[in-house]
Amino acid sequence: MLLKVNQIVWQFYRNLHKMSLEEAKKIAAYRAVDEFVKNDQIVGIGSGSTVIYAVERLAEKVHKEKINVICIPTSFQARQLIIGNGLKLSELEMHPEIDVVIDGADECDENLTLIKGGGGCLLQEKIVASCSKKMVVVADYTKDSKTLGQQYKKGIPIEVVPMAYIPIRNKIQNLYGGKLQLRMAVAKAGPCITDNGNFILDWHFPTGDHDWAKIGTEIGMIPGVVETGLFVKMAEKAFFGQSDGTVKEKSS
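Residues numbered from 1 in each chain as written. Predicted model: local features only at pLDDT ≥ 70, side-chain atom pairs only at ≥ 80, totals over all residues. Heavy atoms only, no water.

Draft legend 1. Highlighting the overall build of the chain. Across its full length, the chain holds 6 helices and 14 strands. Computed over C-alpha atoms, the radius of gyration of the chain comes to 19 Å, within 12% of the 18 Å expected from 2.2 N^0.38 for 252 residues, which places it in the range of a compact globule. For the chain, the proportion of its 252 residues judged to be buried stands at 47%. Here the analysis covers contacts within the chain between residues at least 6 apart in sequence; of these, 74% occur between residues at least 24 apart. As presented, the chain carries roughly 12,700 Å² of accessible surface, and 56% of it is formed by carbon and sulfur atoms. (Helix = DSSP H or I, 4+ residues; strand = E, 2+ residues; numbered from the N terminus. Rg over C-alpha atoms; globule rule 2.2 N^0.38 Å. Buried < 20%, exposed > 50% of the residue type's maximum accessible area, 1.4 Å probe, protein only. Contact = heavy atoms within 4.5 Å. Areas by Shrake-Rupley, 256 points an atom, 1.4 Å probe, with all protein chains shown as cover.)

This is the structure we're talking about:
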């Protein structure tokens, strides 16, 4: 009986923690949309759980304040969010210049260097970010770190052409150390396949100081590497929802 009571209490506090994280995501996303999205803008819509709240807030502003916004998705998930919330959907072919992109991050260090791609959308996310005048990050407090790897332990995603994943893995390990693992699918046998038909290697890099701009450029030059989940000097501002209901801001 006591064991059952303890399990119920544990589940109660666990649910409280989940609600706290979700609320933290929501207040960060709402703050970013309120501060950066204006009338007659082209807005990039990122991917991930926090972006859901950003799109929710954006839809409120469009429907209540009657602002005109055109949305560019970074993934299939983002596309469905845009459509599901009744927002105007477009593509880079029609709108190659974006005013602001609002996106999540797996981790953000003190210099606003990001790890992205935990959900596999890093290539399209980086393309949209590169076409944007401003990139704004929204996240909860667990994504805020002093250095990369401090809290996020799943490594830096590297999208690669399938035929080259083994030589790429070996080359990166020989050059920089650490370990690269082929990301496996969850609901099917075999590797995870990106929206672009590629594999993902997750690089569990060694601890210490790193020149991420240099490393990201060098890895990107390896034949067969499509893109890395390192976003260096791309984000202008980051909003982190805190457990106490406040929002922490970081600026570049």
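Draft legend 2. Just the environment of Trp212, in detail. Of note, Trp212 is situated in helix α6 (residues 212–220). Trp212 sits 99 residues away from Thr113 along the chain, and the two C-alpha atoms are 8.0 Å apart.

Draft legend 3. The sheet that holds strand β12 (residues 230–231), seen in detail. Taken in spatial order, the 3 strands make up an open sheet running β5-β6-β12, and their pairing is antiparallel. With partners counted over all chains shown, the strands left at the sheet margins are β5 (107–108) and β12, one partner each. Here 2 bridges tie strand β6 (residues 114–115) to β12, and the two strands are oriented antiparallel to one another. Following the sheet pairing, Ile115 is matched in β12 by Leu230. (Pairing = 2+ DSSP bridges.)

Draft legend 4. Spotlight on empty space enclosed by the protein. As enumerated under the stated definition, the model contains 1 cavity of 30 Å³ or more in all. By volume, the largest cavity is sized at about 40 Å³. Forming the boundary of the largest cavity are Val33, Val43, Ile45, Val51, Ala54, Val55, Leu58 and Ile102. Of all the secondary-structure elements, those providing two or more residues to the lining of the largest cavity are β1 (41–45) and α2 (49–65). (1 Å grid on protein atoms, 1.4 Å probe; cavity = no way out; pocket = protein on both sides within 12 Å on 5 of 7 lines; lining within 4 Å. Points joined across faces, edges and corners; volume = space filled by probe spheres on them.)

Draft legend 5. View of the side chain of Thr74. Looking at the secondary structure, you find Thr74 in the loop between β2 (69–73) and α3 (76–84). When its relative accessible area of 0% is taken as the criterion, Thr74 is described as buried. A polar contact is formed between the side chain of Thr74 and the side chain of Ser47, at a distance of 2.8 Å. Those residues within four positions of Thr74 in sequence are excluded, and the remaining contacts are Ile45, Gly46, Ser47, Cys121, Gln124, Glu125 and Val128. (Polar contact = N/O pair within 3.5 Å; in protein donor to acceptor, adjacent residues only side chain to side chain.)

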